[in-house]
Every structure is written in structure tokens, then in C-alpha cells.
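Residue-level listing of the chains:
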Amino acid sequence: MGLIAQSLKNSSPMRWPTRRTPQPIWTKSVGRTEIRHIQSLLWFLPSVYPGGDSWLANRLADVIAGKAYCSIGGVGGRLGGVLIETPKGRRHSKISTFYVHPCLRRLGIGSHLLRLHNGRWRSDGIDTVHITVSAECLNPLGAQLAHAGFRGIDQVPGRYREQSIESVFQLSVH
Ligand SMILES: CC(C)(COP(=O)(O)OP(=O)(O)OC[C@H]1O[C@@H](n2cnc3c(N)ncnc32)[C@H](O)[C@@H]1OP(=O)(O)O)[C@@H](O)C(=O)NCCC(=O)NCCS
């Protein structure tokens, strides 16, 4: 059984690592075989975003087609986080999904995922990266993005909920 499959199978909350039981954090670009594990990690998307399941299926199809980038990360033998990014032209990119499972937060997985993609942004000559964050996700996502050098540049009406506001964050890569 693969590392990730095993991690999803042994998902007892009693066995999640903590800062007191440090284990190596890993990140990797995903291939076709990991797609269903990402769908398991993001099972809640349809309840947060109407049509979130088909939206995710389309993003993952883009990843398989080489039109988007997706990485996963975890700690020890467990899958904990995912980052999906879609290039917008030659010099810009947009993060569409950035999520770490609540039981594995504050261990550094989010930072590792951002660092992995940051390396590619630099080598591919990407100038700016955007991410749009809904009000419900601003805490703690805003803190993580600030930690990684993103700054809030705009606020726009929420696409999915009336009277909701989404914050746009931007990273200037160089
Ligand atoms: C934002 C998120 C990705 C952070 O992942 P993470 O693995 O916990 O982040 P890290 O452990 O790498 O944290 C790095 C830094 O970010 C900041 N940070 C992260 N979470 C924070 C929080 N809850 N409060 C304050 N600062 C926080 C801190 O500066 C932290 O450094 P520190 O732990 O040394 O203080 C995670 O909390 C998450 O997935 N939140 C929900 C996101 C969401 O709803 N996405 C939309 C659905 S797709």
C-alpha cells in the first residue's frame, strides 16, 4: 500500500502528529495516481462552493494535461495538504486551492508547499502570483500568506455568496 493510501486509511485522530512528535515534512508534485487522494482531502469543497466537485475535477484534469500545477504535502506517512496553481499567461500565476487538513496545521506543511511552488515561479520567470480568499477562509489563510510575503491588494464581491467579500492577495516574486 502506498504512503498516501496508508495515510488515509489510518486516519485516527489520536495518531495525528504534533509539534511534540516531530516527523519529516514532505512535498511532491502530483501524478495521475494521487488524484483521488486529493479529492478525498478536499471532500468538503461542494458544501463550501456550489459545484465545487466538478470544479475540482476540471482543475485536476488541467493538472494531468499539464495546464496547471498541483503539489501535495504531508508529515511522516500522512497526506496533509494540497496546493493547485494555474498559470495565467507567461509571467503570472494564480493559486486556486491551498489547504492543509486541520489536524496537521502549524507543522509547516503550508510553508513547504508554498516554497516548492516558489522555486518554480523563480525558475520560470513568474513575476506575480495571486490568490483570492473568501472572508470565511481569511483566518488563518491571511496570516499564512502574509508570512510568505503576499500582501492584500484588493477586495471584491464574493462570487458564491451574496454580501460576501473576497480578498485578493498578491506576491511579487522577484
Ligand atoms: C492557511 C493554511 C494553508 C496554513 O497551513 P499550515 O500548514 O498550518 O501553515 P504553516 O504551519 O506552514 O504556518 C506557517 C506560518 O503561517 C502563519 N500561520 C499559519 N496558520 C496560522 C494561524 N492559525 N494563526 C496565525 N498564523 C498562522 C504563521 O506565521 C506560521 O508560522 P509559525 O507556525 O512558525 O508561527 C491552513 O491553515 C489552511 O488550510 N487553512 C484553511 C484554508 C482554506 O480554507 N482554503 C480554502 C479551501 S480550498
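We now turn to the structure provided with this report. Positions within a chain are numbered from 1, following the residues in the order the chain's sequence is written. Totals for whole chains, interfaces and linings use every residue, but because this is a predicted model, local features are given only for residues with pLDDT of at least 70 and side-chain atom pairs only at 80 or more, for both listing and counting.

## Here we look at helix H4 (residues 52–64)
For an α-helix the count is 3.6 residues per turn, leaving residues at separations of three or four pointing the same way.
Phase 1 of the analysis: Here a helix means four or more residues in a row that DSSP labels H or I, a strand means two or more in a row labelled E, and each is numbered from the N terminus. Residue count minus one, scaled by 1.5 Å, sets the expected span of a helix. For H4, built from 13 residues, the straight-helix expectation of 18 Å at 1.5 Å per residue is met to within 8% by its first-to-last C-alpha distance of 18 Å.
Phase 2 of the analysis: Among all positions in H4, only Leu-56, Leu-60 and Val-63 are buried. Along the long axis of H4, the arc covered by the buried residues comes to 45°, so they all point the same way. Across H4 from its buried face, at more than 90 degrees, point the exposed residues Ser-54, Ala-57, Asn-58 and Ala-61.
Phase 3 of the analysis: The secondary structure elements touched by the buried residues of H4 are helix H2 (35–41), helix H3 (45–48), strand S2 (69–75) and strand S3 (78–87).
Phase 4 of the analysis: Looking one or two residues past H4, Gly-66 carries a phi angle of roughly 80°, positive in sign. Burial in this document is a count-based property: other C-beta atoms within 10 Å of a residue's C-beta are tallied, and the residue is buried at 20 or more, exposed at 12 or fewer, or partly exposed in between, with C-beta positions derived from the backbone. The arc in question is traced by the directions running from the helix axis to the C-beta atoms. Any two residues are considered in contact once their C-beta atoms, placed from the backbone, lie within 7 Å.

## What to know about the site of the ligand
Phase 1 of the analysis: Nearness is defined per residue: the C-beta atom, placed using the backbone, must lie within 6 Å of the molecule or strand. Near the ligand you find 18 residues, and of these Arg-105, Gly-110, Ser-111, Pro-140 and Ala-143 are the closest.
Phase 2 of the analysis: The set of elements that each furnish at least two residues to the shell around the ligand consists of strand S4 (92–100), helix H5 (109–123) and helix H6 (138–147).
Phase 3 of the analysis: For the shell around the ligand, the leading source of residues is H6, giving 5 residues.
Phase 4 of the analysis: Taken together, the residues of the shell around the ligand sort by class into 9 nonpolar, 7 polar and 2 charged. Only Asp, Glu, Lys and Arg are considered charged, only Ala, Val, Leu, Ile, Met, Phe, Trp, Tyr, Cys and Pro nonpolar, and every remaining residue, Gly among them, polar.

## Focus: the environment of Ser-71
Phase 1 of the analysis: Mapped onto the fold, Ser-71 is located in strand S2.
Phase 2 of the analysis: Between the alpha carbons of Ser-71 and Leu-83 there is a distance of 5.4 Å; along the sequence they are 12 residues apart.
Phase 3 of the analysis: Beyond its immediate sequence surroundings of up to four residues, Ser-71 is in contact with Thr-27, Lys-28, Ser-29, Val-30, Leu-83, Leu-113, Leu-116 and His-117.

## Points about the pairing of strand S7 (residues 165–172)
Put simply, side chains in a regular strand alternate between the two faces of the sheet.
Phase 1 of the analysis: Summarising the sheet, strand S5 (residues 128–134) and S7 pair through 7 bridges and their orientation is antiparallel. From the neighbouring strand, Thr-128 faces S7, where its bridge partner is Ser-172.
Phase 2 of the analysis: Strand pairing is assigned whenever DSSP detects at least two bridges linking the two strands. The sheet contact formed by strand S6 (residues 151–157) and S7 spans 6 bridges and is antiparallel. Each bridged residue has a counterpart across the sheet, and for Asp-154 the counterpart in S7 is Val-168.

## Quick look at H5
Phase 1 of the analysis: The terminal C-alpha atoms of H5 lie 22 Å apart, and with 15 residues this matches the ideal 21 Å at 1.5 Å per residue to within 8%.
Phase 2 of the analysis: Within the span of H5, buried status applies to Ile-109, Gly-110, His-112, Leu-113, Leu-114, His-117 and Trp-121.
Phase 3 of the analysis: Against the buried residues of H5 lie strand S1 (25–29), S2, S3, S4, S5 and H6.

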